[in-house]
Amino acid sequence: MSEPAVADTRRLNSKPQDLTDAYGPPSNFLEIDVYDPQIVGVGRNRYTTYEVRMKTNLPIFKLKDSCVRRRYSDFEWLKNELERDSKIVVPPLPGKALKRQLPFRGDEGLFEESFLEERRAGLEQFINRIAGHPLAQNERCLHMFLQEESIDRNYIPGKV
Amino acid sequence: MSFFSFGQSAEIDVVLNDAETRKKVEHKSEDGKKDKYFLFYDGETVSGKVNVTLKNPGKRLEHQGIKIEFVGQIELYYDRGNHHEFVSLVKDLARPGEITQSQTFDFEFTHVEKPYESYTGQNVKLRYFLRATVIRRLNDVVKEMDIVVHTLSTYPELNSSIKMEVGIEDCLHIEFEYNKSKYHLKDVIVGKIYFLLVRIKIKHMEIDIIKRETTGTGPSVYHENDTIAKYEIMDGAPVRGESIPIRLFLAGYDLTPTMRDINKKFSVRYYLNLVLIDEEERRYFKQQEITLWRKGDVVRKSMSHQAAIASQRFEGSAASESALEQAAKEESG
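Residues numbered from 1 in each chain as written. Chains lettered and ligands numbered in written order. Predicted model: local features only at pLDDT ≥ 70, side-chain atom pairs only at ≥ 80, totals over all residues. Heavy atoms only, no water.

Details of the UniProt feature "domain: PX" (unreviewed entry) in chain A
Here is the rule: UniProt positions are given in the numbering used here, feature names are shortened, and annotations may be inferred rather than shown by experiment. Starting at the N terminus, helices and strands are each numbered in turn, a helix being any DSSP run of H or I of at least four residues and a strand any DSSP run of E of at least two.
Here, the residues flagged by UniProt with the feature "domain: PX" (unreviewed entry) are residues 28-152 of chain A. Overall, residues 28-152 of chain A shows 33% helix and 22% strand. The separation of its end C-alpha atoms is 29 Å.

Right, here's the structure in full:
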């Protein structure tokens with residue numbers, strides 16, 4: 001047998017990379033920012049909305065640039081839809097902060113600046129994690145959340 | 001393991017004839033310790049001497065016979081009572097009677113078949129040993145001596161590469177290639193990963209060697225997976241058209257040959273697991289089985305005739321045959 005005593009460890013042949021692929025923008029660009037908390041409503045019925053802005057070059061998203069306003073319960077809705085319909089393990093949302101909704105607090109409660117910042121950061125982390133998941137990207141609820149003006153809670157769930 | 005109970009009047013031990021020249025190898029025991037044992041190959045003769053030493057010389061030792069056995073058996077840890085013996089040879093050394101002084105008995109098991117490799121795993125053990133016994137009415141005097149058997153193969157005739165395109169629709173497509181499907185234990189896995197489509201944010205990529213030990217049959221089958229190695233092959237985000245090379249040296253890892261359905265009792269198989277991890281710690285992986293085999297040492301001119309038979313046993317090769325001729329000439333010349 002003419003097998004060599006020392007193994008051949010040379011690299012396998014591979015196609016040279018196209019320069020536009022090498023130096024062009026990567027095909028996995030996806031950035032979602034959650035910012036600009038605004039308090040909506042009056043008195044006891046106030047709530048906070050955040051701007052959710054998405055920039056991407058993934059073909060699965062219809063709009064490469066989208067901007068919508070969402071509140072905490074919208075994020076909760078999205079989490080529930082995904083937990084029910086998709087097989088993925090959905091990451092946690094920042095807390096519901098029920099205690100902050102009680103009266104007679106020393107601070108601004110739900111509208112305390114530091115709390116809003118904490119919640120904003122948690123929501124941003126949540127949505128970025130979800131949007132990058134290949135299985136979540138197939139769900140209509142995600143696309144509606146990110147790219148449609150308002151969420152139609154009577155929508156028909158399904159895959160894109 | 002030797003059984004010494006209080007008041008034993010005799011000691012028994014086994015010594016191989018070629019103890020000075022025979023190679024010893026390390027073998028892991030059940031509790032993870034490594035010990036050295038004499039190494040044998042299939043077809044080799046096992047010969048030596050059994051020494052029976054009287055503790056009180058002059059005092060007679062009555063016995064119902066002295067024998068030596070060569071045993072090859074499979075032990076399933078969850079079924080310790082039943083040993084499955086696939087080799088069982090006996091030589092009677094002495095008929096029932098008595099010994100008045102320390103004695104030595106010669107034995108030889110000629111060209112013993114040792115079809116499987118010694119293996120100590122998580123749920124099963126395959127071992128070979130000599131067991132010398134002085135049979136007595138109340139309690140026998142027994143001495144066991146374990147040996148280790150390696151099974152050798154030669155370069156396979158057919159050794160195609162593994163090349164496959166896998167992925168997630170519209171998200172990630174890769175083509176992976178490994179240069180062979182059968183590797184010997186000191187071989188090198190040479191391969192590459194070519195990225196056809198990358199729409200996820202990859203952080204790094206690694207290749208793992210997984211050992212799967214399967215024991216039992218029918219309804220009670222146990223699989224034990226053990227990740228023997230993790231080897232990072234890429235750090236950072238790849239883009240379309242990139243080729244990442246793989247060069248994984250197997251000699252650095254604790255591996256055994258692939259063992260398929262040994263005596264219908266257990267299997268030990270190896271898999272390469274290619275794992276990609278994205279920025280959110282999500283793992284994308286593809287497992288592929290490889291066959292591992294044990295290569296004989298470089299065939300030296302002075303290689304014994306018996307070991308030459310053993311190394312040729314699985315797949316014939318011109319090199320082994322000429323060594324065989326050479327050894328035959330030297331022995332007769």
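This is not the end of the story, as more comes after the structure.
Quick word on the nonpolar core
Let me state the cut-off plainly: The criterion is simple. A nonpolar core is a set of buried Ala, Val, Leu, Ile, Met, Phe, Trp, Tyr and Cys residues joined through side-chain atoms within 4.5 Å. Any residue under 20% of the maximum accessible area for its type is buried, any over 50% is exposed, and the rest in between are partly exposed; the area is computed with a 1.4 Å probe on protein chains only. What fixes the domain bounds is an automatic or database domain assignment. Residues count as neighbours in contact if any of their non-hydrogen atoms are within 4.5 Å of one another.
Judged by nonpolar contacts, the single largest core of 72 residues is most densely connected at B:Val50, B:Leu130, B:Tyr178, B:Ile193 and B:Phe195. Residue contributions to this core reach at least three from each of two domains, namely domain 1 (10-149) and domain 2 (162-293) of chain B. Residues within four places of B:Tyr178 in sequence aside, it is in contact with B:Ser161, B:Ile162, B:Tyr183, B:Ile189, B:Val190, B:Gly191, B:Ile207, B:Ile246, B:Leu272, B:Leu274 and B:Gln288. Membership of the second largest hydrophobic core comes to 31 residues, among which are A:Phe61, A:Val68, A:Leu82 and A:Leu116.

Looking at the sheet that holds strand β3 (residues 65-71) of chain A
Residue and element names in this part refer to chain A. Worth spelling out the cut-off: Pairing between strands is defined by DSSP: at least two bridges between them are needed. Angles here are taken between N-to-C directions and fall from 0 to 180 degrees, while the axes themselves are lines fitted to C-alpha atoms, restricted in helices to the stretch in contact.
Ordered by their spatial adjacency, 3 strands build an open sheet running β1-β2-β3, and the pairing between neighbours is antiparallel. On the outer flanks of this sheet lie β1 (30-40) and β3, each paired with one strand and no other. For this sheet the average axis-to-axis angle between neighbouring strands, irrespective of direction, equals 20°. Sheet topology places β1 next to strand β2 (residues 47-56); 9 bridges connect them, and they run antiparallel. Bridge pairing links Leu30 to Thr56 in β2. The strands touched by helix α4 (residues 140-147) within the sheet are β1, β2 and β3, with β3 carrying the most contacts at an inclination of about 95°.

A look at unusual backbone geometry
Of note, A:Phe104 is a non-glycine position whose phi angle comes to about 60°, a positive value. Look at A:Phe104 and you get exposed, because its relative accessible area is 85%. One non-glycine residue, B:His111, lies in positive phi territory at about 40°. The class of B:His111 is partly exposed, set by a relative accessible area of 48%.

Focus on the packing of helix α2 (residues 72-85) of chain A against α4(A)
All names here are of chain A. Condition: Any angle from 65 to 115 degrees is called roughly perpendicular, while one under 35 is roughly parallel, one over 145 is roughly antiparallel, and all others are oblique. Should the near helix be turned anticlockwise from the far one by less than a right angle, the crossing is termed left-handed; should it be turned clockwise, right-handed. When residues are grouped by polarity, Ala, Val, Leu, Ile, Met, Phe, Trp, Tyr, Cys and Pro land in nonpolar, Asp, Glu, Lys and Arg in charged, and all others, Gly among them, in polar.
With their axes 9 Å apart at the nearest point, α2 and α4 run at an angle of 165° to one another. Considering their axes alone, α2 and α4 lie roughly antiparallel with respect to each other. Between α2 and α4 the crossing geometry is left-handed. Of the residues in α4, those in contact with Asp74, Phe75, Trp77, Leu78, Glu81 and Leu82 of α2 are Cys141, Leu142, Met144 and Phe145. Considered class by class, the residues forming the contact of α2 with α4 number 8 nonpolar, no polar and 2 charged.

Let's talk about α2(A)
The condition that has to hold: One less than the number of residues in a helix, times 1.5 Å, gives the span that helix is expected to have.
Between the first and last C-alpha of α2(A) there are 20 Å, a value that for 14 residues agrees with the 20 Å anticipated at 1.5 Å per step. Structurally, α2(A) contributes buried residues whose contacts are with β1, β2, β3, α3 (113-131) and α4 of chain A.

Observations concerning the packing of aromatic side chains
All names here are of chain B. What counts, and what does not: Centres within 6.5 Å are what make two rings of Phe, Tyr or Trp a pair, Trp counting through its six-membered ring; a difference in plane orientation under 30 degrees is then read as stacked, over 60 as edge-to-face, and the rest as tilted. Either the NZ atom of lysine or the CZ atom of arginine qualifies as a charge over a ring when it sits within 6 Å of the ring centre and within 35 degrees of the ring normal.
Under the counting rule described, the total for this entry stands at 12 aromatic pairs over all chains. Measuring from ring centre to ring centre gives 5.2 Å for Tyr155 and Trp293, while their planes differ by 80°; the resulting arrangement is edge-to-face. Highlighted residues: Tyr155 in the loop between β13 (141-149) and β14 (162-168) and Trp293 in strand β23 (residues 283-293), separated in sequence by 138 residues. The same class applies to Tyr155 as to Trp293, namely buried. The interplanar angle of 40° and the centroid separation of 5.3 Å between the aromatic rings of Phe176 and Tyr178 together place this pair among those described as tilted. Comparing Phe176 with Tyr178 shows no difference in burial state: the two are buried. Taken together, the aromatic side chains of Phe70, Phe86, Phe107, Phe109, Tyr116 and Tyr128 make up a single cluster linked through ring pairs. Over the face of the ring belonging to Phe38 we find Lys24, whose NZ or CZ atom lies 4.8 Å from the ring centre. Here Arg127 stacks its cationic end above the ring of Phe129, 4.0 Å away from the centre of that ring.

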